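Residue-level structure breakdown
These are the residues of each chain, in order.
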Amino acid sequence: MIYADYNGSAPICKDVREYLIKRLSEGPFANPNAIHYMGSKVLMAMENARSVCAKVLGADFKQVIFNSGATEGLSQAFHSVLHKNPKKEIIISGIEHSAVVNCAKYYQQDFGCTVKIVKTQANGIIDLEDFKAQLTDDTAVVCIMAANNETGVIQPYQEVSRICNDNQVPYICDTTQFIGKTLFNFKTSGADYAVMSGHKIGAMTGTGILLAKDPTTLKPIIIGGGQERGYRGGTQNYLGYETLAVALNYFEKHLDNIEAINSKRISFEKELKKRFPDVVIIGEDSPRLASTTYVSYPGIHGQAVQIELESQDIFVTTSSACSDNEPVTSKVLKSMNVTDDIGRGVVRISIGLCSDPAMYDTILDALTKTYEKLAKIKSY
Ligand SMILES: Cc1ncc(COP(=O)(O)O)c(C=O)c1O
């Protein structure tokens, strides 16, 4: 079996599995906010996890707020910035995840904000000139991702940070797909807020981190009993947060694998294009995450390819939404001006930093069989 949907969710990584087996059998278990001995032991382990996460992410200990994941982090960052803010403009890009798009829409519908969308170039990278042109004195917040979940294309987030800092506009950087796949340093990113989800990096699902340059700017969205220094109420999921530290350490230990995965992915894509000259690799010439390929064979539905690969025990995904059983081009691809014949055909192959690069050989064989079969009965 080959699982190639890491951008959707990564399996629990080896070190986390081993850690949890030991941790669950040995304890300790207690409320980390309790002042008895057991509580303080749990608290120490959780705060140690916070230090490890801070170190790997290039942040200060106090800038790390544990939560349930990126969606929550993004929601809290938006809330913190827009709460009682007289400025009313929100700038996002056309390739943002729905966790960002729907936040922006919420503030548009219920708080009278205006949402401006930055254009995307055909190569999948946001248009920085358009971004600069959209900033005004009324811009309250900018939210632009570091790497796209569909295409894997890396965005000029440091440049966006610099422009935001120059204009004194808060910048929320959606680093959900970036962290755990390539090096990220919160300090040098220049962003005011960044987010991550544990399930994208091999930690437990339902865990995550909101990084805040100045945590005093945070407003809680879960009020509760003052946990996380008042920034996020509710008894902490300390076991889950410990797994974040283990997974981030695991990632750091395996950073050297990036190069091997990257070069194997590039030769996989080259060979695929050689065998099928009609094949299109989305964002081919742009800087991309080492482990993501978004590929289309125009005329062959992505869903058909996905099902065919699944029958060969290979799990990939297609992100084109389906309406009335008619696959449509995703919003991300539309914003890159990708035509429907290409957009309907995409499948996303995303593996992990610790996956065996040789799995690209198996995927290549399976995809070759699949395309040869489906090309005979092209569906559109
Ligand atoms: C770029 C991006 N942002 C935000 C999210 C939301 O993450 P979660 O569902 O883990 O909260 C995702 C999830 O796929 C994502 O890819």
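Here's what I pulled together on the structure shown here. (Residues numbered from 1 in each chain as written. Predicted model: local features only at pLDDT ≥ 70, side-chain atom pairs only at ≥ 80, totals over all residues. Heavy atoms only, no water.)

**Here's the deal with unusual backbone geometry**
- At the junction of G27 and P28, the peptide bond is cis and its omega measures out at 0 degrees in the coordinates.
- Positioned with a positive phi, K84 is a non-glycine residue whose angle comes to about 55 degrees.
- Along the polypeptide, K84 turns up in the loop between α3 (70-82) and β3 (89-93).
- With a relative accessible area of 75%, K84 lands in the exposed category. (Helix = DSSP H or I, 4+ residues; strand = E, 2+ residues; numbered from the N terminus. Buried < 20%, exposed > 50% of the residue type's maximum accessible area, 1.4 Å probe, protein only.)

**Concerning the side chain of N85**
- With respect to the helices and strands, the residue N85 is situated in the loop between α3 and β3.
- Residue classification places N85 among the buried positions, given a relative accessible area of 17%.
- Looking at N85, its side chain comes within polar contact range of the main-chain nitrogen of K87, at 2.9 Å. (Polar contact = N/O pair within 3.5 Å; in protein donor to acceptor, adjacent residues only side chain to side chain.)

**Section: the site of the ligand**
- Around the ligand, the structure places A70, T71, H97, M145, N149, D174, T176, Q177, S197, H199 and K200.
- Within the contact set of the ligand, a nitrogen atom lies 2.6 Å away from a side-chain nitrogen or oxygen of D174.
- One of the side-chain N or O atoms of K200 is found 2.6 Å from an oxygen atom in the ligand.
- Notes on the ligand: free accessible area 380 Å², of which the protein chains cover 84%.
- The cavity that encloses the ligand is the largest pocket.
- Per-class residue counts for the shell around the ligand are two nonpolar, seven polar and two charged. (Near = heavy atom within 4 Å. Areas by Shrake-Rupley, 256 points an atom, 1.4 Å probe, with all protein chains shown as cover. 1 Å grid on protein atoms, 1.4 Å probe; cavity = no way out; pocket = protein on both sides within 12 Å on 5 of 7 lines; lining within 4 Å. Sits in = over half its atoms within 2 Å of the grid points. Nonpolar A, V, L, I, M, F, W, Y, C, P; charged D, E, K, R; others polar.)

**What about the packing of helix α9 (residues 257-275) against helix α13 (residues 359-375)?**
- Two elements in contact, α9 and α13, have axes separated by 10 Å at closest approach and are oriented at 20 degrees. The angle between the axes of α9 and α13 places the two elements in the roughly parallel class. Considering how the two elements wind past one another, α9 and α13 form a crossing that is right-handed. For the pair α9 and α13, the contacting residues are I261, K264, R265, F268, E271, L272 and R275 in the first and Y360, D361, I363, L364, D365, L367, T368 and Y371 in the second.
- By residue class, the composition of the contact of α9 with α13 is eight nonpolar, one polar and six charged. (Axes fitted to C-alpha atoms, helices over the stretch in contact; angles between N-to-C directions. Parallel < 35°, antiparallel > 145°, perpendicular 65-115°, else oblique. Left-handed = near helix turned anticlockwise from the far one by under 90°. Contact = heavy atoms within 4.5 Å.)

**What about the sheet that holds strand β14 (residues 346-350)?**
- Taken in spatial order, the three strands make up an open sheet running β9-β10-β14, and their pairing is antiparallel. A single partner strand is all that each edge strand has here, and the edge strands are β9 (280-281) and β14.
- The pairing of strand β10 (residues 292-296) with β14 spans five bridges and is antiparallel. In the strand pairing of β14, T292 is matched with S350.
- The sheet contacts of α9 involve β9, β10 and β14, and relative to β10 the element is tilted by about 10 degrees. (Pairing = 2+ DSSP bridges.)

Read these as spatial facts, not as claims about activity.
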